[in-house]
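# Structure at a glance
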Protein chains: 2
Amino acid sequence: MPTISDVAKEANVSVATVSRVLNNHSSVRPETYERVHKAIEKLSFEPNMSARNLRRNETRVILIVTPNITNPYYAHILTGIGDRAREYGYSALIYNTAGNEAREKEALEMLKKKKADGAILLACNVNSIWIREYADKYPIVHCSEYIPDLDIPRVSVDNYKATQDVMEYIIELGHKRIATISSSNNYISTHLRLKGYKDTLKKHDIEVNNDYIVLADDEYSFKSGKAAAYKLLDQKIRPTAIFCISDTIALGAITAAKELGLQVPKDLTVVGFDDVDDTTKFHPYITTVAQPCYELGEESFKILYDCINDTKDMNKEVILSHKFVVRESSAPFVKRYHEKV
Amino acid sequence: MPTISDVAKEANVSVATVSRVLNNHSSVRPETYERVHKAIEKLSFEPNMSARNLRRNETRVILIVTPNITNPYYAHILTGIGDRAREYGYSALIYNTAGNEAREKEALEMLKKKKADGAILLACNVNSIWIREYADKYPIVHCSEYIPDLDIPRVSVDNYKATQDVMEYIIELGHKRIATISSSNNYISTHLRLKGYKDTLKKHDIEVNNDYIVLADDEYSFKSGKAAAYKLLDQKIRPTAIFCISDTIALGAITAAKELGLQVPKDLTVVGFDDVDDTTKFHPYITTVAQPCYELGEESFKILYDCINDTKDMNKEVILSHKFVVRESSAPFVKRYHEKV
DNA sequence: TTCAACAATGTAATCCATTACATATAAAGT
DNA sequence: ACTTTATATGTAATGGATTACATTGTTGAA
């Protein structure tokens, strides 16, 4: 491996000049610049990152704190982060926390220990305000989930608006008995989706029925989605539509409906959220809100990069647009002879 | 951030001694060792990795070359690698290649440029012998796929044996008309599974029928699995069992069967491979071969680590054991009135 | 013409941990 | 008692890039 001083010799200049060329300093004469570049290419020189990092006091490593990359939603985001990071010469330290706060803290301690230049947090409870003390000192970006009122840079979709879209659509279809399967977790998205659900009902003068709000588990597991749907469908007056806050839950709901002899969408409309890969693996394909996961990842890296480099006028909050996609699991409400309402 | 010389001062020794303590050199007196350790703890000193890496000429970065982390199979492996890597102070550079050879080469060029200490390749065509020239010079480990005859260290399951297990089971159930959905890709696992399929049939004096061997696409997509199943089930003499080389394909096959009015497993036995998350999301739950993905990942990191550190007597080939799990998609063959055979 | 101001480049210190080599002290051998 | 050997620790060079400061050369103003 050639070093900067090999290049300097080759180009007949000092190492300082080579370094200036490398870092695009203005004070280098164009012809010198040219000469150095030729030397660099001739020797196919690549600056030694350890040396540069040592001198610049950076690591070129970013931390990705995620509950679980095995979840395709996070995997897509991770791909976006990874592609952009690589492009900028960063590598990733992936911390799987399984939602465990102790491990989240352990992860962020890496920043203190200077093992990473910054962190992207993929899932974060609204009450984790302890993150502030890290965010005050180190570059941290929230991706998709965030903590309200703590103005930590973030990128996400507009969960409230997306839910409104869903609910307006379901109401438009003529449904009145609309339930939701939310989650026991404490994510901002969960809160916003629930609020969107309630607010839109109220807006249309439909009473919010607490029996129609049931919770799946923290990780939106298929199983818990199915169980939640059972709770809804076992009621005397069944809902005719269910808004699920994730596709996996929606899948669970559809399975539950089938087991109860209900046809989706004929007897029950089911809408999901996220649009991960499973939505079109089985009929009925799920009507859902598509999130731009890859772009969420890309964007969070960009913001983190700006944070690390103290870019002026950087974006502190990026909202990417979602897309509501109507597929097969939703249909107009039809009053049937046995219906009481 | 305290440095090694701060520690030296605090402990009243030279930096060399501190360094010796840090690296567990034998020649340090126990009481000195103790004193230095106290100083380290008092200042909560952490060695600066850039400086260490510069001096030691290493990066502490490993390359993970994968077609697509979005695939849960790879995601699980990645989690295993990641957890182990972090433990040893390595971070990961994830290269998504989408199976593109140019991008695979681009990835391995990082080794030449000293941007990573070694690489783990997650999917690799059997004919990619160009990898040898990198493997000769740099630490490279194959995980789950590999190139035969090129003795590059690797970890995988015994695909041939696993397929034998599956086939023996299906034959045991009384099936004679057994088809397989393989893939157009060029992975060693694909070849071995096909060979296992054929060999076991022959062993039981069942003729190999080429009409019963159809291919899904390279990525085992659901869609292509479904299409392949249609090809099998449209034949005059239908198979009564299908061995699919992936669960997603199996899922596709089950969907195709349903669409054709066949019940799984009553009318058709379907067996998958991998045991990723989807296998128990829908009934019938899929009978499949469970791969220890996380452990495959862990093990590959360990081997790579040994390669990087020239460990003597390291394992060059690790075969982890698979587990054949019988669930709902397989059942004994029952001769029906309309059956010709 | 002379000096200030600036442009272009060079010299050397710096980042921090590692390690070859040097030194000092103690234990062992004759 | 005196050299030899081993043990424990220190000094200083090293890895490669960056950058404050120094130097040289050039241009323009007075």
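What you are looking at is a predicted structure, and each value in this text was computed from that prediction instead of being measured.

### Quick look at the packing of helix H5 (residues 72-87) of chain A against helix H12 (residues 293-308) of chain A
All names here are of chain A.
- The contact between H5 and H12 brings their axes to 7 Å, and the two run at 45°. With respect to each other, H5 and H12 are oriented oblique. With respect to the hand of their crossing, H5 and H12 are arranged in right-handed fashion. Contacts between H5 and H12 involve Tyr73, His76, Ile77, Thr79, Gly80, Ile81, Asp83, Arg84 and Ala85 from the former and Cys293, Tyr294, Leu296, Gly297, Glu298, Phe301 and Lys302 from the latter.
- Grouping the constituent residues of the contact of H5 with H12 by class yields 8 nonpolar, 4 polar and 4 charged.

### Concerning the domain arrangement of chain A
Residue and element names in this part refer to chain A.
- Entries for chain A in the domain assignment read domain 1 (4-47), domain 2 (56-152 + 293-320) and domain 3 (159-287).
- The straight-line distance from the C-alpha centre of domain 2 to that of domain 3 is 30 Å.
- Both faces considered, domain 2 and domain 3 share a buried interface measuring about 950 Å² in area, 57% of it formed by carbon and sulfur atoms.
- Counting the surface domain 2 buries against domain 3, the share from its top three residues, Tyr73, Val126 and Glu145, is 42%.
- In this structure, the connection of domain 2 to domain 3 is made through 0 salt bridges.
- Run the count over domain 2 and domain 3 and you get 3 residue pairs in polar contact (both at pLDDT 80 or more).
- For the side of domain 2 that touches domain 3, a count of residues per class yields 9 nonpolar, 3 polar and 1 charged.

### Here we look at unusual backbone geometry
- For the bond running from A:His283 to A:Pro284, omega is -5°, close enough to zero to count as cis.
- In this model, B:Asn24 sits at a positive phi of 55°, which is unusual for a non-glycine residue.
- Inspection of the secondary structure assignment puts B:Asn24 in the loop between helix H2 (15-22) and helix H3 (30-43).
- Positive phi, close to 60°, is recorded for B:Asn57, a residue that is not glycine.
- Along the chain, the position of B:Asn57 falls in the loop between helix H4 (49-56) and strand S1 (61-66).

### Some details on the packing of helix H8 (residues 159-172) of chain A against helix H9 (residues 188-203) of chain A
All names here are of chain A.
- For the pair H8 and H9, the least separation of the axes is 8 Å and the interaxial angle reads 40°. Judged by the inter-axis angle, H8 sits oblique to H9. With respect to the hand of their crossing, H8 and H9 are arranged in right-handed fashion. Along its contact with H8, which presents Asn159, Tyr160, Thr163, Gln164, Met167, Glu168 and Ile171, the element H9 presents Ser189, Leu192, Arg193, Lys195, Gly196, Tyr197, Asp199, Thr200, Leu201 and Lys203.

### A short note on the relation of the copies chain B and chain A
- With an RMSD of 0.1 Å, the fit of chain B onto chain A corresponds to turning through 180° and sliding 0.0 Å along the axis. The relationship between the two copies is best expressed as a two-fold rotation axis.
- Most of the interface of chain B is mirrored in chain A, where 100% of its interface residues again form contacts.

### So, helix H2 (residues 15-22) of chain A
Residue and element names in this part refer to chain A.
- Listed in full, the buried residues belonging to H2 are Thr17, Val18 and Val21. Buried residues in H2, looked at end-on, bunch into an arc of 100°, giving them a common side.
- Buried residues along H2 sit against helix H1 (4-11) and helix H3 (30-42).
- Immediately downstream of H2, the backbone of Asn24 shows phi near 55°, a positive value.

About the cut-offs
Every chain's residues receive numbers from 1 upward, in the order its sequence appears when written. Whichever chain is written first becomes A and whichever ligand is written first becomes 1, with later ones labelled in order. Restriction of local features to residues with pLDDT of at least 70 applies here, the model being predicted, together with a cutoff of 80 or more for giving and counting side-chain atom pairs; totals for whole chains, interfaces and linings are based on all residues. Processing note: side-chain calculations cover all non-hydrogen atoms of the structure and skip hydrogens and water entirely. Note on method: axes are straight lines fitted to C-alpha atoms, helices fitted across the in-contact stretch only, with angles between N-to-C directions ranging 0 to 180 degrees. A helix here means a DSSP run of H or I that spans at least four residues, while a strand means a run of E at least two residues long, and both kinds are numbered starting from the N terminus. By the definition adopted for this analysis, an angle is roughly parallel if under 35 degrees, roughly antiparallel if over 145, roughly perpendicular if from 65 to 115, and oblique otherwise. Left-handed is the label given to a crossing in which the near helix is rotated counterclockwise from the far helix by less than a right angle, and right-handed is the label when the rotation is clockwise. We call two residues contacting when some pair of their heavy atoms lies within 4.5 Å. Classes in brief: Ala, Val, Leu, Ile, Met, Phe, Trp, Tyr, Cys and Pro nonpolar; Asp, Glu, Lys and Arg charged; the others, Gly included, polar. Where a domain begins and ends is set by an automatic assignment or by a domain database. Using a 1.4 Å probe, buried area is obtained as the accessible area two parts lose upon being combined, added over both of them. Within this document, salt bridges are pairs made up of a side-chain nitrogen of Lys or Arg and a carboxyl oxygen of Asp or Glu, the two lying within 4 Å of each other. Polar contact is the term for a pair of N or O atoms within 3.5 Å; when the atoms are in protein, one must be able to donate a hydrogen and the other to accept it, and sequence-neighboring residues count only if both atoms are side-chain atoms. Superposition of the copies used a least-squares fit over C-alpha atoms from residues whose pLDDT is at least 70 in both. Partly exposed residues are those whose accessible area sits between 20% and 50% of the maximum for their type, while under 20% is buried and over 50% is exposed, using a 1.4 Å probe and protein chains only. The arc in question is traced by the directions running from the helix axis to the C-beta atoms.

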